[in-house]
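What the coordinates show
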Amino acid sequence: MRALLILLLLWCSHRLAAQQVSYQRLDKASGLPSNTIYDLIQDQQGFIWLATDKGLYRYDGVLYQPYRNHSQNDKGLSNLMLDGAGRIWCQNFSGQFFYVEADSLRYCAVVEPLGSYYPAVMLNRFSLVNFGPHSLRVLDTRTLRLTNSLPLSYVHYSPYAFSDGQAIYLFAGGQQRAVRVPMQGPPTYIPNEPGLATFYVVKVRKHTFLIPKADASRLVVQRPDGGRQVIELGHTGLIQNVRVINDRYLGLFCSAGFYLLDMNNPLPQRLSVQLPDKNCTGLMLDNEGNFWLATINSGLLLIPSMQVNVIAPGRPFTRLQALPQKRQMYLGTATGELARLDLQASAITPLYEGTSNTEVISLHYDTTARQLFFSSDLFRRWNNGQTDFAQMLSVKDIAPFDQNRLAIAATGFLGVVSRHKPEATYEINLSTARNRAVVVHPITRTLYAATSQGFWQYPSGSPGSEIKADNKSLSLSDLTLTDGPAPLVFAASTNDGIYAFDGPRQTLHLTEKDGLADNAVYRIQAYKNQIWWLTEKAVQSFDLRTRTIRTYDRTDGLPDTDLKDLAFVDHMVYVATLSGLVRFPRNLPATNTHRPRLVVTGLLCNKQAFSLDKKPRFAYDQNNVEIHFSVLSFRSQGDVRVNYRINGQAWVTLDPGVRMLSLPSLAPDDYVVEIRVENEDGISSPQTLTVKFLVQSPFWLSYPFLGALMLAIAGLVYGSNQRRLSRQKRESALQAEKAALQQELQKSRLTAIKSQMNPHFIFNALNTIQLYIYLNEKQQASSYLVKFSELTRMILDMSNDETVALAHELKAIRLYLELEQMRFEDSLHCQLVVANELDTDHIRIPSMLIQPYIENAIKHGLMHKKHDRNLLVDFRQTGPWLEVTIDDDGVGRQKSSEINQQRARRHESFATQANQKRLELLNDGDHSHIGIRIIDKYDIFHKPAGTTVILHIPVLT
């Protein structure tokens with residue numbers, strides 16, 4: 001009787017270890033529009049479509065694009081289908097049908113709603129078949145016309161139809177048989193399994209499945225050879241949907257989990273339920289190999305790999321010790337508990353409940369003495385249900401030392417303890433340092449320790465010595481020894497990657513530059529020919545033969561939680577996490593080889609959408625361009641790098657998660673924008689996305705307009721001169737009675753105007769403008785035209801006044817000098833100096849008196865000089881006089897006269913003669929006289945070095 005009681009207690013102490021696939025959850029907190037998803041499908045471009053209780057959405061891995069139609073009388077949509085043209089079809093629970101075309105959701109009114117939900121199927125790619133209470137209606141999705149209506153007999157059919165693309169499968173409840181209805185030919189029948197309340201009939205790879213709906217505990221499959229097999233379900237419950245996935249998987253979706261049958265494997269006797277805490281509605285396998293699970297109230301679950309499982313989900317494991325020969329594993333938790341996992345039976349046996357809710361920080365099973373050493377609040381030993389402890393705190397690591405002792409690394413203690421009496425200790429290092437990890441070389445018995453004071457080695461019977469790297473102490477978190485006759489010590493660093501040592505000699509150093517996910521490494525473990533380690537969010541391995549690094553993280557199915565420890569049994573990797581024990585094969589593919597795809601979803605200019613069917617042409621003020629795009633790389637889970645460049649310039653990287661390229665205030669030009677993307681493993685998109693568009697120049701910078709403007713200005717100048725001359729002639733005729741002196745003075749002013757605006761200057765100016773246009777220097781041509789027209793207007797305005805303010809005269813001189821500098825480019829250097837004491841706004845001088853002398857200095861002095869032409873115009877007040885100095889370093893008056901005589905038989909300076917005559921007339925009165933002095937300059941070799949003209953003008957106010 002006592003033996004039976006013991007067996008009963010042992011049986012009760014074993015609990016089956018719940019297992020489920022590892023997933024990443026997308027819900028409303030992460031941007032999902034609704035946590036209730038009825039169906040999902042992937043289109044030909046690669047977008048994932050979600051039918052939810054809030055409507056239809058398109059998902060690209062970052063953004064959810066809604067699709068709505070004003071005719072919807074029920075927001076909730078389901079039963080997503082894809083026709084032969086790539087269009088998405090769906091229906092709501094009132095029986096309305098919708099399809100997506102031209103990026104909008106459209107209502108198909110041809111198929112009248114039946115008032116309730118009868119799921120349709122797609123047959124022969126373009127035939128949408130809707131099952132109703134009395135008929136099968138067939139819609140041609142190309143023409144949107146009903147092409148056929150197959151009447152049904154009075155026999156009761158289940159309201160679920162399945163299509164394998166060639167025929168429709170129904171279950172006739174009244175006749176207790178499945179019916180196969182082809183589009184052509186008579187129906188065929190499959191008898192039901194006795195006692196099975198069949199609701200769904202599904203065909204997968206020539207296997208016909210008969211599946212119940214309510215209280216489903218089994219299903220029956222009819223094999224191609226005619227035989228039948230019963231498959232038991234791990235949980236009795238409601239099957240609310242059935243899907244065939246990629247003609248390989250059969251999915252059964254229940255209110256408490258889902259079942260997945262892989263037709264690549266032999267038919268099982270029993271199916272285990274996955275995620276029994278989730279209300280599941282559908283499953284999809286995308287073109288990257290990810291599974292997507294639709295749920296009610298739990299959002300969308302991304303399952304990167306069905307090979308990554310979580311044992312005892314939700315339990316916070318912190319330490320592992322594997323016994324591969326026994327196919328067992330010892331587990332420590334964050335709450336101080338101990339348990340043993342039987343991998344063969346998938347059962348967990350509790351060993352120690354813990355007393356202080358303190359994390360198990362070290363764990364070691366002594367296979368020799370068959371006892372378990374661990375540390376949480378104290379250093380303890382467990383043996384057949386009994387525990388004892390030693391007065392030692394914070395034991396961080398335990399390693400075998402010899403047959404009778406264990407090496408211990410603890411805070412303030414580094415040494416060995418007896419396997420049989422943990423209280424019997426021998427301290428190797430008397431330091432109070434924090435000791436983090438310890439390993440013992442199995443041959444030399446050298447003890448290696450990672451401490452807060454560096455990395456130390458303690459050879460057997462010898463004092464310890466510090467091992468350094470690049471003459472620096474190391475801050476290490478964990479140690480491990482490789483297998484083989486010459487083990488190496490691999491050390492995990494707290495901030496500098498991974499080191500390898502052969503004795504005190506460093507043989508390897510790996511950092512982020514070599515592929516580490518993070519230089520902060522927490523745990524490290526050698527297994528066969530590989531080194532495995534943990535960073536904050538990744539599991540990585542280093543192959544000692546190929547020297548390659550592999551990375552596993554959340555994109556491969558690892559939960560997004562703290563990773564605590566590693567262990568290995570055969571070909572499986574076990575990772576202790578705070579949300580369960582994760583298991584995956586050691587050869588699980590680690591590189592995301594799927595090339596991300598770029599799709600342009602919109603081109604906007606000034607917030608207006610434009611088509612990319614042909615190259616857009618924008619006006620000059622339509623220069624705020626936005627390029628919206630999607631990156632289809634779901635396994636990357638947003639970890640992609642998007643780069644772009646404009647017109648072949650340097651590549652620029654966009655911020656993570658950005659799916660819109662904004663190009664504001666673009667200058668007129670022909671633009672080529674290139675966009676490319678790389679996934680987390682450096683795999684690039686198959687081709688660079690190119691967007692071309694043109695921002696046109698404004699009409700006033702076009703060649704025809706500039707030419708017309710040049711002619712208009714020339715005509716304006718000529719016409720203005722002609723009108724002014726005519727007006728002045730009329731005024732002269734009317735004022736003939738005036739004194740001859742006044743007439744002579746007026747004529748002199750007209751002569752000066754002609755000198756100011758002589759055709760030679762106009763010709764040079766227009767030639768300069770024409771040269772700029774030919775050289776495509778639009779900005780220079782426009783600037784020159786503006787200055788030329790402004791100078792013309794000022795000269796014409798000042799010609800009406802006998803005197804003008806010195807400030808106006810200075811402005812005209814500046815404009816004239818700027819035009820001459822632009823004409824001579826960099827070879828003419830002008831300096832206009834105005835003394836600070838001059839009140840230029842109140843001092844008045846005779847109009848247009850100084851410019852002709854500046855023109856002479858340029859035309860007759862500096863023009864004949866090949867380079868380095870310098871001109872100084874200086875204004876200052878000397879008593880009651882305004883002294884104006886015009887100094888040039890040209891060829892001088894004598895040399896200029898000789899050059900002019902060679903070029904023409906006779907040459908006169910018309911401006912000089914006119915101004916001389918004007919000075920005589922101005923001085924012929926009672927005013928103070930205007931004086932002029934001309935100085936010929938010579939260099940030290942008595943060669944002409946320019947001319948200086950000094951004017952003394954009475955100051956008038």
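A brief structural summary. Note that the structure is a prediction, hence the values are computed from the model and not measured.

Bringing the overall build of the protein chain into the picture now. Each helix and strand counted, the protein chain has 9 helices and 74 strands in total. Residues counted as buried form 50% of the 957 residues belonging to the protein chain. Taking the intrachain contacts of the protein chain between residues at least 6 apart in sequence as the baseline, contacts between residues at least 24 apart amount to 52%. Of the roughly 45,200 Å² of accessible surface on the protein chain, a fraction of 50% belongs to carbon and sulfur atoms.

What follows covers the sheet that holds strand S3 (residues 24-26). Read across the sheet, 4 strands follow the order S3-S30-S29-S28 without closing on themselves; strand pairing throughout is antiparallel. Since the sheet does not close on itself, it has two edges, and those belong to S3 and strand S28 (279-285), each with one partner. Averaged over all pairs of adjacent strands, the angle between strand axes in this sheet comes to 25°, irrespective of strand direction. Looking at chain direction, S28 and strand S29 (residues 291-296) are connected through 6 bridges and run antiparallel. Across the sheet, the residue bridging to Gly-282 is Ala-294, located in S29.

This part covers the sheet that holds strand S22 (residues 216-222). One open sheet accounts for 5 strands, arranged S20-S21-S22-S23-S27; its pairing is mixed. Both edges of this open sheet fall to strand S20 (198-204) and strand S27 (270-271), since each of them pairs with a single strand only. Examined bridge by bridge, strand S23 (residues 228-237) and S27 share 2 bridges and lie parallel to one another. Along S27, the bridge assignment pairs Leu-233 with Leu-271.

For helix H7 (residues 851-862), built from 12 residues, the straight-helix expectation of 16 Å at 1.5 Å per residue is met to within 8% by its first-to-last C-alpha distance of 15 Å. Where burial is concerned, most of H7 is hidden: 11 out of the 12 residues are buried. Listing the buried residues of H7 in full gives Gln-851, Pro-852, Tyr-853, Ile-854, Glu-855, Asn-856, Ala-857, Ile-858, His-860, Gly-861 and Leu-862.

Our next topic: the environment of Asn-606. Inspection of the secondary structure assignment puts Asn-606 in the loop between strand S59 (597-605) and strand S60 (608-610). With a relative accessible area of 34%, Asn-606 lands in the partly exposed category. Along the primary structure Asn-606 and Ser-665 are separated by 59 residues, whereas in three dimensions their C-alpha atoms are 10.0 Å apart. The residues touching Asn-606, leaving out its near neighbours within four places in the chain, are Asp-621, Gln-622, Asn-623 and Asn-624.

The rules behind the values
Starting from 1, residues in each chain are numbered consecutively following that chain's sequence as written. It should be noted that, the model being predicted, local features are given only for residues of pLDDT at least 70 and side-chain atom pairs only at 80 or more, the latter also being counted only at that level, while totals for whole chains, interfaces and linings use all residues. To get the side-chain values, all heavy atoms of the structure are used, and hydrogens and water are removed first. Numbering of helices and strands starts at the N terminus; helices are DSSP runs of H or I of at least 4 residues and strands are runs of E of at least 2. Only protein chains enter the accessibility calculation, which uses a 1.4 Å probe. A residue is then buried if its area is under 20% of the maximum for its type, exposed if over 50%, and partly exposed in between. Here a residue-residue contact requires only that any non-hydrogen atoms of the pair lie within 4.5 Å. Residue exposure ignores everything except the shown protein chains as possible cover, and the areas themselves are Shrake-Rupley values with a 1.4 Å probe. For two strands to count as paired, DSSP must find a minimum of two bridges between them. Axes, fitted as lines to C-alpha atoms, cover a helix only where it is in contact. Angles between the N-to-C directions of the axes lie from 0 to 180 degrees. An expected span of 1.5 Å times one less than the residue number is assigned to each helix.

Honestly, it's all geometry; don't read function into it.
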